[in-house]
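An overview of the molecular structure
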Amino acid sequence: MKKTITLLIVLILTCSAYGQINLDLSYYLPNNTTYNKDIPTPKEVIGHEVGEWHVTHDKLLFYMQTLAEKSDRITLENRGETFEGRPLILLTITSPTNHQNIEKIKEEHLALTENNSRLLDTNIMPAVVYQGFSIHGNEASGANAGLAYAYYLAAAEGPEIDALLNDLVILMDPSFNPDGLQRFAYWANTNKSINLVPDKNEREYHEVWPGGRTNHYWFDMNRDWLPVQLPESRARIKSFHAWKPNILTDHHEMGTNSTFFFQPGEPTRVHPLTPAMNQELTAEIGTYHAKALDKIGSLYYSEENYDDYYYGKGSTFPDINGGIGILFEQGSSRGHVQESENGLLTFPFTIRNQFTTAMSTIEAAKNLRVKLLDYQRDFFRDARTEATKDKTKSIIFGDGKDAAKTWHLAEILNRHQIKLHALDDDATLNGKSFKKGYGYIVPLDQKNNRLIKAMFEKRTTFADSLFYDISAWTFPLAFNVDYTEQNTMSHAGSEIVDLEPLTGHISGKSAYAYLFEWNEYYTPKALYRIMEKGLRAKVAKAPFSVEGKNYDYGTIMIPVQNQELDQEALYTFLKEVAQESKLQLTSVGTGLTKGIDLGSNDFDPIKKQKVAILVGNGIRSYDAGEIWHLLDTRYNIPLTKLDMSYFSKVDLSKYTDLIIPSTNTLGSNGLSKKDAEKLKEWVKDGGTLIGYRNSAEWLNKNEIISLKFRKDTLVAKDISFAQKNDFKGAQVTGGAIFEAKLDRSHPINFGYKNDRLALFRNTNIFIEPDKNSFNNPIQYTNNPLLSGYISEENLEHLKGSVPFQVKRVGKGRVIVFTDNTNFRAFWYGTNKLLMNAIFFGEMM
């Protein structure tokens, strides 16, 4: 029977591959349904059939706008724009009657999450379904399926669709990633032949770097649901919390040789905070997908490969918010037709599977409507009950020297509608000091209690040793803020209704000098602005105090005399810098201090930096994008992107710093031996070379830096062939958090007030410490695991190893980090390490 089904699939695929001239909507739409002739089909608006070409975002947008104009079932909302200026639209699709009462429906739906929700009758309430497509832009079958799906919802006629739209409010996000979708559609369409070529070696199926998966800054946006650092994420999270949908679907693609996946995922890899009922409902909804795919003869699987652990993914985020998240993964044609193990895989076929499961989702939502609504009510009721029984009543967090970084963590909580209180007064709790204006208190007695736990908890024991994504994301550790739990709400001020942006300040006008400590998050932005203006600034290599105030390592001093600006203009400029960078600048009238005087040689001059980064084939685009985003959007520092394809021709002499991110193929298909010699000579002439993660190994191999690595010697014993993948998978450090001790006097650690730092790590690169302790300013402790999974063998390698090394080479420096200090744009706590390497590298 299985062979018969497979043969049927191959025949369907073959017909589809070479019969696209006759392709029309009937290939996707249900049989025996009539359609309103006043609603235009996709072809009538965008000029081609669904699946004939890859839809570009502008055409997708135009069609959705047209449907909203023509159909009384659809309204369209523009929620913002991407980095490239594309609209982030959301369609609300329901019956005309529901549209007339949409605000009341929303209000009653949200009331299910509040106290006294038992008074609501779920038998008469619509369920809410959020359906999103193609968060990875080159997984385009989802967004293209959205054309046919939106047409069906707008145009289908009869009692079945009327009843469905009366019972549901559908929130349709036709393109989670407009910039990536546009990039990939351009690639696929410009490489399409009249005679379709299914050969897997065809150029159409091999995108140029970085590919269409990511957004403008090369982020994987399906990891940003919890951190909400990107504009696309912020728009959809606002919509999510405005409605609290019962089901959210996330339509993806996977390898070409795969079939179709729907959740539930691996049963042993569900986060412990997710209720068992969530998985039961996911499985019950899955029966609808199975039935629908059976009907069209498509192969599929579930409960394998993918998991429900990290709450930052679209299919898992709803699970901690009272809903059901569902991941769909369709084997990808990555173009228009491609050979696969299952026969020819056509683009229309992939679209049809996505359309079919979008339809089966709303069928399940309609039939399970009351059960889903009751589950949502029970989820939040149970969360409140847990909170009342929990001895911990609040969490306090802050950094007494960094208001901005603390504010940004509060900003994330605010975006998730988590209640916050201002810190009412200075406090010392459990040996940690918190300062008014620099800290917040989170009460646990609120409806988002479980979400708070998911964001603040540390977890080091797991039911499974395999993870699809990271195993830890503890937010206060990511932000490097002090935090502690308390069994009261003491020190809590008023609840923050509007989280006001921070402001900067300068204490007054000086005829001598201005000072600011390096602790604040936006100090690199301020310093670059000062350097760009042509002003002189120096950095303190030792602590001191002046005019009753203490200053730490890394304090920046701007003398008033002998500057490009006169005294009045300098004050005006620095006042502007303080406001822009949210800093507190202090004017001083004397150079006489306790400690190093302001004229001391322990103040080193700072040079204006010109920074470049290697990008292109061989470089990991995620890592490069994180650095580009950091410098460009947060610190306003221009970053020259040097592509690997022409690197050998680049004159490096104009750059002070060159960053090599983590690599995929560096040393084989990347930089040559000649390029390595070029880098070495540039460093000898005074350049600072900064390498991340596995680029450290390449730099060592090419004798640009000398390092000693600890290597894995683990041998598989009593492991069967069937257990091989699990054995190897258990040795992967996919993303966990570890503690390192700091030498705060070293320039790499300027701006850190504590001597311990939480580092994110997703590599198994272990560097032996230097024999001289002063060359190990960052070193993992002997008990480093703070949160997440690491194998026992790798934990032993990690203990006492160093994630940072710097070596002098001629006049220059070579700096390496084994860990990602800029992970996914939300690891604020270690961003300063890179900036210290850039600004203070010459001092190391």
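Comments concerning the environment of Ile-748
With respect to the helices, strands and loops of the structure, Ile-748 is situated in the loop between β33 (736-742) and β34 (756-761). Here the alpha-carbon distance between Ile-748 and Met-844, two residues 96 residues apart in the chain, equals 7.6 Å. Ignoring sequence-local partners within four residues, the contact set of Ile-748 consists of Pro-777, Ile-778, Phe-804, Phe-817, Leu-833, Asn-836, Ala-837 and Met-844.

Remarks on the side chain of Gln-779
Mapped onto the secondary structure, Gln-779 falls in strand β36 (residues 778-787). Residue classification places Gln-779 among the buried residues on the basis of a relative accessible area of 17%. Ignoring sequence-local partners within four residues, the contact set of Gln-779 consists of Ala-740, Lys-741, Pro-769, Gly-800, Ser-801, Val-802 and Pro-803.

Considering the layout of surface pockets
In this structure, the largest pocket encloses a volume near 840 Å³. Along the wall of the largest pocket there are 29 residues; nearest its centre are Pro-30, Asn-31, Lys-295, Met-359 and Glu-363. Put simply, the parts of the chain that give the lining of the largest pocket at least two residues each are β5 (156-157), α7 (159-167), α10 (276-296) and α11 (347-367). For the lining of the largest pocket, the element with the most residues is α11, which contributes nine residues. In the lining of the largest pocket, the residues fall into 14 nonpolar, eight polar and seven charged.

Quick look at the sheet that holds strand β4 (residues 127-133)
An order of β2-β3-β6-β4-β7-β9-β8 is seen for the seven strands of this open sheet, with the pairing classed as mixed. The sheet is open, and its two borders are formed by β2 (74-81) and β8 (260-262), each paired with just one other strand. Strand-to-strand twist in this sheet, taken as the mean axis angle between neighbours without regard to direction, amounts to 20°. In this sheet, strand β9 (residues 324-331) lies alongside β8 in antiparallel orientation, the contact comprising three bridges. Following the sheet pairing, Phe-261 is matched in β9 by Glu-329.

What to know about the packing of aromatic side chains
Aromatic ring pairs are reported here in terms of the distance separating the ring centres and the angle at which the planes meet. Under the definition given, this model contains 52 aromatic pairs. When the centroid spacing of 5.5 Å and the interplanar angle of 25° are considered together, the rings of Tyr-35 and Tyr-151 count as stacked. One end of the pair, Tyr-35, is in strand β1 (residues 34-35); the other, Tyr-151, is in helix α6 (residues 141-155), and 116 residues separate them in sequence. Here Tyr-149 and Phe-355 contribute two aromatic rings whose centre-to-centre distance is 6.3 Å and whose plane-to-plane angle is 80°, an arrangement assigned as edge-to-face. Taken together, the residues span a long stretch of sequence, with Tyr-149 in helix α6 and Phe-355 in helix α11 at a distance of 206 residues. Like Tyr-149, the residue Phe-355 is buried in the burial classification. In textbook terms, an aromatic cluster arises when at least three aromatic residues are bridged by ring pairs, as seen for Tyr-309, Tyr-310, Tyr-311, Phe-462, Phe-467, Trp-473 and Tyr-789. It is Lys-192 that lies over the ring of Trp-53; its NZ or CZ is 3.8 Å from the centre. We note Lys-641 situated over the ring of Trp-628; from NZ or CZ to the ring centre the distance is 4.1 Å.

Description of the pairing of strand β31 (residues 688-692)
Across the five residues of β31, five count as buried, placing the element largely inside the fold. Side chains of β31 alternate between two faces, with Thr-688, Ile-690 and Tyr-692 and Leu-689 and Gly-691 buried alike. Note that strand β30 (residues 657-660) and β31 share four bridges and pair parallel. Each bridged residue has a counterpart across the sheet, and for Ile-660 the counterpart in β31 is Gly-691.

Remarks on the packing of helix α16 (residues 523-532) against helix α23 (residues 831-840)
Following both chains from N to C, one finds α16 and α23 inclined at 25°, their axes separated by 10 Å at the closest point. Our classification of the angle between α16 and α23 gives roughly parallel. Relative to α23, α16 is oriented so that their crossing is left-handed. From α16, Thr-523, Pro-524, Leu-527 and Tyr-528 reach across to α23, where they touch Lys-832, Met-835 and Phe-839. Here the contact of α16 with α23 is composed, by residue class, of five nonpolar, one polar and one charged.

Topic: the confidence of the model for the protein
In this model, the protein carries an average pLDDT of 95, and 97% of its residues clear a pLDDT of 70 or more. Scored below 50 in pLDDT, residues 1-21 shows 34 contacts in the model against residues more than four places distant or in partner chains.

As for the pattern of salt bridges
Oppositely charged side chains may form a pair once their charged atoms are brought near each other. With the rule as written, the count across this model stands at 45 salt bridges. In this structure, the salt-bridge partner of Asp-382 is Arg-381, at a minimum N-O distance of 3.1 Å. Note that Arg-459 is salt-bridged to Glu-457, the shortest N-O span being 2.8 Å. Within the structure, one salt-bridge network assembled from shared partners comprises Glu-139, Arg-213, Asp-220, Arg-223, Asp-469 and Arg-824.

A closer look at the nonpolar core
Core analysis: the biggest nonpolar cluster contains 163 residues, and Phe-397, Ile-556, Leu-631, Leu-679, Leu-834 and Phe-840 have the highest contact counts within it. Sort the elements by how many residues they give to this core and α23 lands first, with seven residues. Apart from residues no more than four positions distant in its own chain, Leu-679 is found in contact with Phe-647, Leu-652, Leu-658, Ile-660, Leu-671, Leu-689, Trp-698 and Ile-704.

Observations concerning the packing of α10 against α11
Direction vectors running N to C along α10 and α11 enclose 140°, while the axes themselves pass 8 Å from each other. In terms of orientation, α10 and α11 fall into the oblique class. Both α10 and α11 take part in a crossing whose hand is right-handed. Residues Ile-285, Tyr-288, His-289, Ala-292, Leu-293 and Ile-296 of α10 touch α11, and the partners they reach there are Arg-352, Asn-353, Thr-356, Thr-357, Ser-360, Thr-361, Glu-363, Ala-364 and Asn-367. Its residues assigned to classes, the contact of α10 with α11 shows six nonpolar, seven polar and two charged.

Brief notes about the pairing of strand β3 (residues 87-93)
Remember that side chains alternate between the two faces of the sheet whenever the strand is regular. Counting buried positions along β3 gives six out of seven residues, so the element sits mostly inside the fold. In terms of strand pairing, β2 meets β3 through six bridges, oriented antiparallel. Bridged to Glu-81 within β3 is Pro-87. Connecting β2 to the antiparallel partner β3 that follows it, the hairpin turn spans five residues, and Gly-85 within it adopts a positive phi of roughly 85°. Looking at chain direction, β3 and strand β6 (residues 168-173) are connected through three bridges and run antiparallel. Residue pairing in the sheet places Thr-92 in a bridge with Leu-171 of β6.

Examining the side chain of Glu-139
Topologically, Glu-139 is positioned in the loop between β4 and α6. Of the residues examined, Glu-139 reaches a relative accessible area of 3% and is grouped as buried. Once residues lying within four places of it in the same chain are set aside, the contact partners of Glu-139 are Ser-134, Arg-213, His-252, Glu-253 and Arg-334.

Reading guide: rules and limits
Chains are numbered independently. Their residues run from 1 in the order of the written sequence. Predicted model: local features are reported for residues with pLDDT of at least 70 only, side-chain atom pairs are reported and counted for 80 or more only, and whole-chain, interface and lining totals are derived from all residues. The side-chain numbers reported here are obtained from all heavy atoms of the structure, hydrogens and water having been left aside. Helix and strand labels come from DSSP, where a helix needs a run of H or I of at least four residues and a strand needs a run of E of at least two; each type is numbered from the N terminus. Contact criterion: two residues are considered in contact whenever any of their non-hydrogen atoms come within 4.5 Å of each other. Relative accessible area decides the class of each residue, using a 1.4 Å probe on protein chains only: under 20% of the type maximum gives buried, over 50% gives exposed, and in between gives partly exposed. Both site types are read off a 1 Å grid over the protein atoms alone. A 1.4 Å probe that fits but cannot get out defines a cavity, while an open set with protein on both sides within 12 Å along at least five of seven lines defines a pocket; lining residues have an atom within 4 Å of a point. Grid points are joined across faces, edges and corners, and a volume is the space filled by probe spheres set on the points. Each residue gets one of three labels, nonpolar for Ala, Val, Leu, Ile, Met, Phe, Trp, Tyr, Cys and Pro, charged for Asp, Glu, Lys and Arg, and polar for the others, Gly among them. Two strands qualify as a pair provided that DSSP identifies no fewer than 2 bridges between them. Every angle, taken between N-to-C directions, lies between 0 and 180 degrees, and every axis is a line fitted to C-alpha atoms, over only the stretch in contact when it is a helix. Stacked, tilted and edge-to-face pairs are distinguished by plane angle, under 30 degrees for stacked and over 60 for edge-to-face with tilted covering the rest, among Phe, Tyr and Trp rings (Trp via its six-membered ring) whose centres lie within 6.5 Å. Distance and angle both matter: a charge sits over a ring if NZ of Lys or CZ of Arg is within 6 Å of the ring centre and within 35 degrees of the ring normal. Roughly parallel means an angle under 35 degrees; roughly antiparallel means over 145; roughly perpendicular covers 65 to 115; every other angle is labelled oblique. The crossing is said to be left-handed when, going from far helix to near helix, the turn is anticlockwise and less than a right angle, and right-handed when the turn is clockwise. What pLDDT expresses is the predictor's confidence in each residue, scored from 0 to 100. Criterion for a salt bridge: a side-chain nitrogen of Lys or Arg within 4 Å of a carboxyl oxygen of Asp or Glu. Nonpolar cores were defined as sets of buried Ala, Val, Leu, Ile, Met, Phe, Trp, Tyr and Cys residues, with membership established by side-chain atoms within 4.5 Å.

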